[in-house]
Amino acid sequence: HASEAHRTDLMTITRFVLNEQSKHPESRGDFTILLNHIVLGCKFVCSAVNKAGLAKLIGLAGETNVQGEEQKKLDVLSNEVFIKALVSSGRTCILVSEEDEEATFVEPSLRGKYCVVFDPLDGSSNIDCGVSIGTIFGIYMMKDSHEPTLEDVLQPGKNMLAAGYCMYGSSCTLVLSTGSGVNGFTLDPSLGEFILTHADIKIPKKGKIYSVNEGNAKNWDGPTAKYVEKCKFPKDGSPSKSLRYIGSMVADVHRTLLYGGIFLYPADKKSPNGKLRVLYEVFPMSFLMEQAGGQAFTGKQRALDLVPKNIHERSPIFLGSYDDVEEIKALYAAEEKTA
Ligand code: P6P
């Protein structure tokens, strides 16, 4: 039976990535090695995140661990884990992390051709209440084999070779695209392997959920305010949409990807470029949405066409089901005409 075959056809992320590699006979396997190091980082952070919750709850030795070392904040620890894993892979040349003001230029002896941009633990303010948090990453190829410069990471999101996130929640789920669709893998702690559980994810063309922080409503611009009004009081007699907002991007985007709908972090009067960061939040999630048949819009253009000017630049973002994003694009276009 299909279910029987499914159970024994244990497709792990490692095998999956190797299968992808076999489609490129010229490949030397560098990309596979890089992805394996990212997967290793995710496994480590998953374990640390789960332990941290427990440590906090049962008050293990307060803030210091058994060696009496100052217990590192989880996002600092996660950042160190990913930097070390990526540098030691020997396949990277530049790393950009949400946690580090400056980019990391890998020393020549360990330098490879890939640039990785990542948020090691996005939404970490939610740890104490047990809300899902996650790692978000994107991978570029350096522009050409010269001395690495910031130009190699200030590329539009459409140049990314791969993007993904790992959500640390009731289970540890890694969602990945290497440019030919989106696949989801769930960590089986007894095997220590990520198993393919969501093959070829496609986002519903239209959804019934909108996801935005309504607390910022007084600062929204016209098109966003009009769109949200339409979600709540549809003029055409259709049912109003449900509001679901977790406040952790990985969790809100994962729900949007699987159930459909639209996630919005608009600009507002206080933050004209919105809050979310282009390189390691907006681009990876936009890449995944397009690969799953959805789309991502900044209020002015296709998100993946944006060319960042600095590594921590922010952008407004509207992403999710194709038809839902089309609606907000039309509202911005209409405002453009009357402007
Ligand atoms: P707000 C978490 O702090 C985060 O960076 C994203 O994970 C999340 O989508 C957003 O900020 C939530 O921001 O302003 O709604 O609390």
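Structure's up top.
Predicted model only: the values in this text are computed from it and were never measured.

The next thing to look at is the site of the ligand. Near the ligand, the surroundings consist of Asp-122, Gly-123, Asn-213, Tyr-245, Gly-247, Ser-248, Met-249, Phe-263, Tyr-265, Lys-275 and Glu-281. Between the ligand and Asn-213 there is a distance of 3.0 Å, counted from an oxygen atom to a side-chain nitrogen or oxygen. Within the contact set of the ligand, an oxygen atom lies 2.6 Å away from a side-chain nitrogen or oxygen of Tyr-245. Protein chains shield 79% of the accessible area of the ligand, which is 400 Å² for the free molecule. Residues of the shell around the ligand, tallied by class, amount to 4 nonpolar, 4 polar and 3 charged.

So, on to the packing of helix H6 (residues 249-259) against helix H7 (residues 278-291). The angle between the axes and the distance between the axes are what describe a pair of packed helices. Interhelical geometry of H6 versus H7 gives an angle of 15 degrees and a closest axis separation of 11 Å. By the angle class used here, H6 and H7 are roughly parallel. Crossing of H6 over H7 shows right-handed handedness. Every residue of H7 that contacts H6 at Met-249, Val-250, Val-253, Thr-256 and Leu-257 is listed here: Glu-281, Met-285 and Met-289. Per-class residue counts for the contact of H6 with H7 are 6 nonpolar, 1 polar and 1 charged.

Before going further, it helps to examine the sheet that holds strand E1 (residues 92-97). The strand order E2-E1-E3-E4-E5-E6-E7-E8 describes an open sheet built from 8 strands, whose pairing is mixed. Each of the sheet's edge strands pairs with one partner strand only, and the pair in question is strand E2 (104-105) and strand E8 (193-198). Where strand E6 (residues 172-177) lies against strand E7 (residues 183-188), 4 bridges are found, and the strand directions are antiparallel. When the bridges of E7 are listed, Leu-176 appears paired with Asn-183. In this fold H6 packs onto strand E3 (111-122), strand E4 (133-141), strand E5 (162-168), E6 and E8, with an angle of close to 110 degrees to the strand it touches most, E5. Along the sheet face, H7 touches E1, E3, E4, E5 and E6 and points at about 80 degrees away from the line of E4.

Right, let's get into the sheet that holds strand E10 (residues 242-243). The sheet built from 5 strands is open, its strands ordered E10-E9-E11-E13-E12 with mixed pairing. Strands with a single pairing partner mark the edges of an open sheet, and in this sheet they are E10 and strand E12 (295-297). Where strand E11 (residues 262-265) lies against strand E13 (residues 317-320), 4 bridges are found, and the strand directions are antiparallel. Counted as the bridge partner of Ile-262 is Gly-320 from E13. Of the strands in this sheet, strand E9 (209-211), E11 and E13 are in contact with helix H5 (residues 222-232), which crosses E9 at around 145 degrees. H7 rests against E12 and E13 of the sheet, and its axis sits at about 30 degrees to E13.

Right, let's talk about the nonpolar core for a bit. By size, the foremost hydrophobic cluster in this structure holds 41 residues, and its most contacted members are Ile-139, Tyr-168 and Phe-194. Considering each element in turn, this core owes the most residues, 11 residues, to helix H3 (residues 30-58). The contacts of Ile-139, once residues within four sequence positions are left out, are Phe-31, Leu-34, Leu-35, Ile-38, Tyr-114, Cys-115, Val-116, Met-160, Leu-161 and Ala-162. Grouped together as the second largest cluster of nonpolar side chains are 24 residues, Leu-257, Met-285, Leu-288 and Ile-317 included.

With that settled, the discussion passes to the pairing of E13. With burial as the criterion, each face of E13 is covered, one bearing Ile-317 and Leu-319 and the other bearing Phe-318 and Gly-320. Across 3 bridges, E12 lies against E13 in antiparallel orientation. From the neighbouring strand, Gln-295 faces E13, where its bridge partner is Gly-320.

Among the residues of H5, Pro-223, Thr-224, Tyr-227, Val-228 and Cys-231 are the ones counted as buried. Viewed along the axis of H5, the buried residues span an arc of 130 degrees, placing them on a single side of the element. The elements touched by buried residues of H5 are E9, E11, E13 and helix H8 (322-338). For H5, the N-terminal cap is Asp-221; the gap from its side-chain oxygen to the backbone nitrogen of Thr-224 is 3.1 Å.

Let us now look at H6. Of all 11 residues making up H6, 9 are buried, and the element is well covered by its neighbours. Among the residues making up H6, those that are buried are Met-249, Val-250, Ala-251, Asp-252, Val-253, His-254, Arg-255, Thr-256 and Leu-257. The positive-phi residue at the C-terminal boundary of H6 is Gly-260, with phi of around 90 degrees.

Here we come to the packing of aromatic side chains. On inspection of all chains with the given rule, the structure shows 7 aromatic pairs. Between Phe-82 and Phe-118 the ring centres are 5.9 Å apart and the planes differ by 50 degrees, which places this aromatic pair in the tilted class. Taken together, the residues Phe-82 in helix H4 (residues 74-88) and Phe-118 in strand E3 connect sequence positions 36 residues apart. The buried category is assigned to Phe-82, whose relative accessible area is 3%. The buried category is assigned to Phe-118, whose relative accessible area is 1%.

What counts and how
- Residues numbered from 1 in each chain as written.
- Predicted model: local features only at pLDDT ≥ 70, side-chain atom pairs only at ≥ 80, totals over all residues.
- Heavy atoms only, no water.
- Near = heavy atom within 4 Å.
- Polar contact = N/O pair within 3.5 Å; in protein donor to acceptor, adjacent residues only side chain to side chain.
- Areas by Shrake-Rupley, 256 points an atom, 1.4 Å probe, with all protein chains shown as cover.
- Nonpolar A, V, L, I, M, F, W, Y, C, P; charged D, E, K, R; others polar.
- Axes fitted to C-alpha atoms, helices over the stretch in contact; angles between N-to-C directions.
- Helix = DSSP H or I, 4+ residues; strand = E, 2+ residues; numbered from the N terminus.
- Parallel < 35°, antiparallel > 145°, perpendicular 65-115°, else oblique.
- Left-handed = near helix turned anticlockwise from the far one by under 90°.
- Contact = heavy atoms within 4.5 Å.
- Pairing = 2+ DSSP bridges.
- Core = buried A, V, L, I, M, F, W, Y, C linked by side-chain atoms within 4.5 Å.
- Buried < 20%, exposed > 50% of the residue type's maximum accessible area, 1.4 Å probe, protein only.
- Arc of directions from axis to C-beta.
- Phe/Tyr/Trp six-rings, centres within 6.5 Å; stacked < 30°, edge-to-face > 60°.

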